[in-house]
Amino acid sequence: MIRFYLIITALLFGFLSHAQKQGSAKRPNIVYIMSDDHGYQAISAYGYGLNKTANIDRLAKEGILFNRATVTNSLCAPSRAVLLTGKHSYINGKIDNEAKFNWDQDNFAKLLQQHGYQTALIGKIHMDGIPQGFDHSAVLIDQGEYYNPNFIINGEKQQLQGYVTDLTTDMTLDWIAHRDTNKPFCVLYHQKAPHREWLPALRHIKSYTAQTFKEPATLFDDFSNRGTAAKTAEMNILKHMSWAGDNKVPPAMVDELGLKSFLTWDKAAFNNNLGRMNAAERAAWDSVYNPIMEEFKAKYPNMSQEDLMRWRYQRYMQDYLGTVAAVDDGVGRLLDFLKENNLDENTIVIYTSDQGFYLGEHGWFDKRFMYEESLRTPLLIRYPKEITAGSKSDALVQNLDFAPTILDYAGVEIPKEMQGKSFRKIMNGKEKKFRDAIYYTYYEYPSIHMVKRHYGIRTDRYKLIHFYYDADEWELYDLEKDPQEMHNVYSDPAYRKIRSQMHKKLDKIRKEYKDSNENNQRFISQIKNK
Ligand code: SGN
Ligand code: CA
């Protein structure tokens, strides 16, 4: 009798584990690609005509492109914390780049691991502490470096030889190639590029520095019709960009021309960044950049402030878009690799950025504001099993929704505490309506770039923002009539009704998402007590 039971049990066990394997084989793999500071304007599928990103565009052609994907807090580390936890910054605790991230809290990678996924984190994470939820991690330290960067690979520091974007791609493909093929996988493939100070790969410098890029209409914005926050922010290309670190003018020439740098570490940044190159890399770099700088030196005495702004904008775009080119190459390599390895049907590929970025709009670089260019983030997803090729969506999805969406695809129950929601049904066309407003909070002030603390709400058409701490100002924008956000209509009598509706919506959404002025006060006293 006992033998009989044992045989039945063994058979049943064998059957179940086989079924489990079968089931897990069907569960999709996930490649979540996130670059750093990649504005949607710099992806050709978004139609801004700045540059060509043929490989990222493949995701739009073969999948879905989101026009209105946004972040909840437009800053690097907070955005990553929201991605992992599916919770707003004031709940997950990582309100700014300084705050400590508590890795002990739940994150979607831990849940995937618990449900039989193998997981990896490769590239920039910008958070202290040992990443939890990953079987394998190879992460940059803080912001990381472009040339011959240091990585922490499963807890051990190593300097790698090569260009950071390519190395991050190499390691990602290598990890996928050596995975356990019996289990589904999820890899977070996180590029450092195109983050400041924008050092392109040597193979791209010649072509990008030879191009002239289209100027945005608001490059010379004077901020009339808006409040104090936009006027006092320190992210103007002419006034606040670094000559050496950002624009690559050699420190000796900065001195010779008497150029005033806004940042004290400007020359050190140049020396540290270029100092990482080996002799051959440096020679290749200098052969392209030296003539540009000599030409600049010759014309500098006759340049007006306007000329200087234009020159700096072009220098910025040449380097920024140059770094994007390697990110795009990496996406191409990944897509080819998935295809060659028969993984392209059952793998969800997500491309996004930790936030958007100003590419000269309002005269700016950087992000942080709840204005469109930094609030919105690129989002393209390919998953042929469920997503019709060439689809587009205006749904108000957010980075808050990534964790629940990924868990949904993986067949893992979404924890109730997560504040985002799965947008799988938007992608497979089963639902049209998603949400009617998104909520935003920003805290890193006073700090670099001096963007005042604010929170707000954005609906399909309107945006209401409150700046607080050392200001108490409201802004209201009609995005249909004023997509560039040049006119604050908060005090315009014609918008009285809209304004009161937006206030009501904001109060409601803050309650739903468990935010309050008390939270803001608590974070302010934290910095004051420091
Ligand atoms: C650095 C940059 C800033 C940038 C922050 C945060 N300055 O401090 O321009 O806003 O990182 O960026 S730099 O002179 O050091 O390059 S984030 O993407 O990590 O949030
Ligand atoms: Ca960033």
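Relevant structure appears above.
Let me sum up the structure you'll find in this document. (Residues numbered from 1 in each chain as written. Chains lettered and ligands numbered in written order. Predicted model: local features only at pLDDT ≥ 70, side-chain atom pairs only at ≥ 80, totals over all residues. Heavy atoms only, no water.)

1. Quick notes on the overall build of the protein chain
The test is simple: Numbering of helices and strands runs from the N terminus; a helix is a DSSP stretch of H or I covering at least four residues, while a strand is a stretch of E covering at least two. Summary of the burial criterion: residues with accessible area below 20% of their type's maximum are buried, those above 50% are exposed, and those between are partly exposed, where the area comes from a 1.4 Å probe applied to protein chains only. Only the protein chains shown count as cover for residues, with accessible areas throughout obtained via the Shrake-Rupley method and a probe of 1.4 Å. Counting rule applied: Lys, Arg positive; Asp, Glu negative; His and chain ends not counted. The location of each charge is read from NZ of Lys, CZ of Arg, CG of Asp or CD of Glu.
Counting its secondary structure elements, the protein chain contains 18 helices and 14 strands. For the protein chain, the spread of C-alpha atoms along the three principal axes comes to 100 × 65 × 50 Å. For the protein chain, the proportion of its 530 residues judged to be buried stands at 61%. Counting only carbon and sulfur atoms, one obtains 51% of the accessible surface of the protein chain, whose full area is about 22000 Å². Averaged over its 69 positive side-chain charges, the protein chain has a centre that lies 5 Å from the centre of its 67 negative ones.

2. Here's the deal with the coordination of the calcium ion (ligand 2)
Just so we agree on the cut-off: In this description, a donor is an N, O or S atom within 2.8 Å of the metal centre, a cutoff extended to 3.2 Å for sodium, potassium and calcium. Water is not part of the atom list, which can make sites seem incomplete. Square planar and octahedral sites, with four and six donors, are those where opposite donors lie more than 155 degrees apart and all other angles lie between 65 and 115, tetrahedral sites have four donors with every angle between 85 and 135 degrees, and the rest are irregular.
All of the protein donors around the calcium ion (ligand 2) are Asp36 (OD), Asp37 (OD), Asp354 (OD), Asp354 (OD) and Gln355 (OE1); their distances to the metal are 2.1 to 2.9 Å. Relative to the metal, the six donor atoms surrounding the calcium ion (ligand 2) lie at angles of 49 to 171°, and the coordination shape comes out irregular. Each donor residue of the calcium ion (ligand 2) belongs to the same chain, and together they define the spacing D-D-x316-D-Q. Highlighted residues: aspartate 37 in the loop between β1 (29-35) and α2 (54-62) and aspartate 354 in the loop between β8 (347-353) and α14 (372-375), separated in sequence by 317 residues. Judged by its relative accessible area of 0%, aspartate 37 falls in the buried class.

3. A short note on the sheet that holds strand β9 (residues 379-382)
Note the following rule: Two strands pair if DSSP finds at least two bridges between them. Note on geometry: axes are lines fitted to C-alpha atoms, helical ones only across the stretch in contact, with angles between N-to-C directions running from 0 to 180 degrees. Any two residues whose heavy atoms approach within 4.5 Å are treated as being in contact.
If you trace the ten strands from one edge of the open sheet to the other, you get β6-β5-β4-β3-β7-β1-β8-β9-β2-β10, paired in mixed fashion. Edge positions in the sheet fall to β6 (156-159) and β10 (391-393), since each of these pairs with one other strand and no more. Adjacent strand axes in the sheet meet at a mean angle of 15° when their direction is disregarded. The pairing of strand β3 (residues 118-123) with strand β4 (residues 136-140) spans four bridges and is classified as parallel. Following the sheet pairing, glycine 123 is matched in β4 by valine 139. Most of the contacts of helix α3 (residues 76-85) go to strand β7 (residues 185-190), to which it runs at about 170°, and overall it touches β1 and β7. Where helix α13 (residues 305-340) meets the sheet, it contacts β1, β7, β8 and β9, and its direction lies at approximately 175° from that of β8.

4. What to know about the nonpolar core
Put simply, the test is: By nonpolar core we mean a set of buried residues, namely Ala, Val, Leu, Ile, Met, Phe, Trp, Tyr and Cys, connected to one another through side-chain atoms within 4.5 Å.
Ranked by internal contacts, the top residues of the largest apolar core, which has 62 residues, are Phe151, Ile176, Val249, Phe296, Leu334, Tyr351 and Leu380. Here this core gets nine residues from one element, more than from any other, and that element is α13. When neighbours within four sequence positions are excluded, leucine 334 is seen to be in contact with Val31, Ile33, Leu173, Ile176, Tyr189 and Val349. In this structure, Ile30, Cys186, Ala395 and Leu407 belong to the second largest nonpolar core, which totals 44 residues.

5. What to know about helix α6 (residues 164-177)
Stated formally: The span you would expect from a helix comes to 1.5 Å times its residue count less one.
With 14 residues, α6 should cover 20 Å at 1.5 Å per step; its first-to-last C-alpha distance of 20 Å lies within 8% of that length. Buried residues dominate α6, accounting for eleven of its 14 residues.

6. Here's the deal with the pattern of salt bridges
Basically, it comes down to this: Definition used for salt bridges: Asp or Glu carboxyl oxygen within 4 Å of a side-chain nitrogen of Lys or Arg.
Enumeration over the complete set of coordinates arrives at 37 salt bridges. Across the pair aspartate 36 and lysine 124 runs a salt bridge, and its minimum N-O distance is 2.3 Å. Taken together, the positions of aspartate 36 in the loop between β1 and α2 and lysine 124 in the loop between β3 and β4 put the pair 88 residues apart, joining distant regions of the chain. Pair check on accessibility: aspartate 36 and lysine 124 agree, each one buried. With its nearest N and O atoms 2.9 Å apart, the salt bridge here joins aspartate 319 to lysine 248. Of this pair, aspartate 319 sits in helix α13 while lysine 248 sits in the loop between α9 (237-240) and α10 (251-257), and the two are 71 residues apart along the sequence. Note on accessibility: aspartate 319 and lysine 248 belong to one class, buried.

7. Some details on the sheet that holds strand β12 (residues 454-459)
Pairing is antiparallel in the open sheet, where four strands are placed in the order β11-β12-β13-β14. The outermost strands of the open sheet, each flanked by one partner alone, are β11 (437-442) and β14 (473-478). Across this sheet, the average inter-strand angle for adjacent strands is 10°, counted without regard to direction. Bridge count for β12 against strand β13 (residues 462-467) is five bridges, and the pairing is antiparallel. Bridge pairing in β13 places histidine 454 opposite phenylalanine 467. Of the strands in this sheet, β11, β12, β13 and β14 are in contact with helix α17 (residues 496-512), which crosses β12 at around 110°.

8. Quick look at unusual backbone geometry
With an omega of 10°, the peptide bond running from arginine 196 to glutamate 197 counts as cis. By secondary structure assignment, the location of glutamate 197 is in the loop between β7 and α7 (202-209). Look at the link from tyrosine 445 to proline 446: it is a cis peptide, with omega at -5°. The phi dihedral of asparagine 225 falls on the positive side, at around 70°, and the residue is not glycine. Following the sequence through the fold, asparagine 225 ends up in the loop between α7 and α8 (228-232). The class of asparagine 225 is partly exposed, set by a relative accessible area of 44%. For tyrosine 469, which is not glycine, the phi dihedral falls at a positive 85°. Tracing the chain through its elements places tyrosine 469 in the loop between β13 and β14. By relative accessible area, which is 30% here, tyrosine 469 ends up partly exposed.

9. Considering the packing of aromatic side chains
How we decide: Planes of paired rings set the category: under 30 degrees apart is stacked, over 60 is edge-to-face and the rest tilted, where pairs are Phe, Tyr or Trp rings (Trp by its six-membered ring) whose centres lie within 6.5 Å.
Inspection of the entire model under this criterion finds 37 aromatic pairs. When the ring of tyrosine 208 is compared with that of phenylalanine 213, the centres are 6.5 Å apart and the planes differ by 15°; the resulting orientation is stacked. Phenylalanine 213 matches tyrosine 208 in its accessibility class, with the two residues each being buried. Ring geometry for tyrosine 445 against tyrosine 469: centres 5.8 Å apart, planes inclined by 85°, an arrangement best described as edge-to-face.

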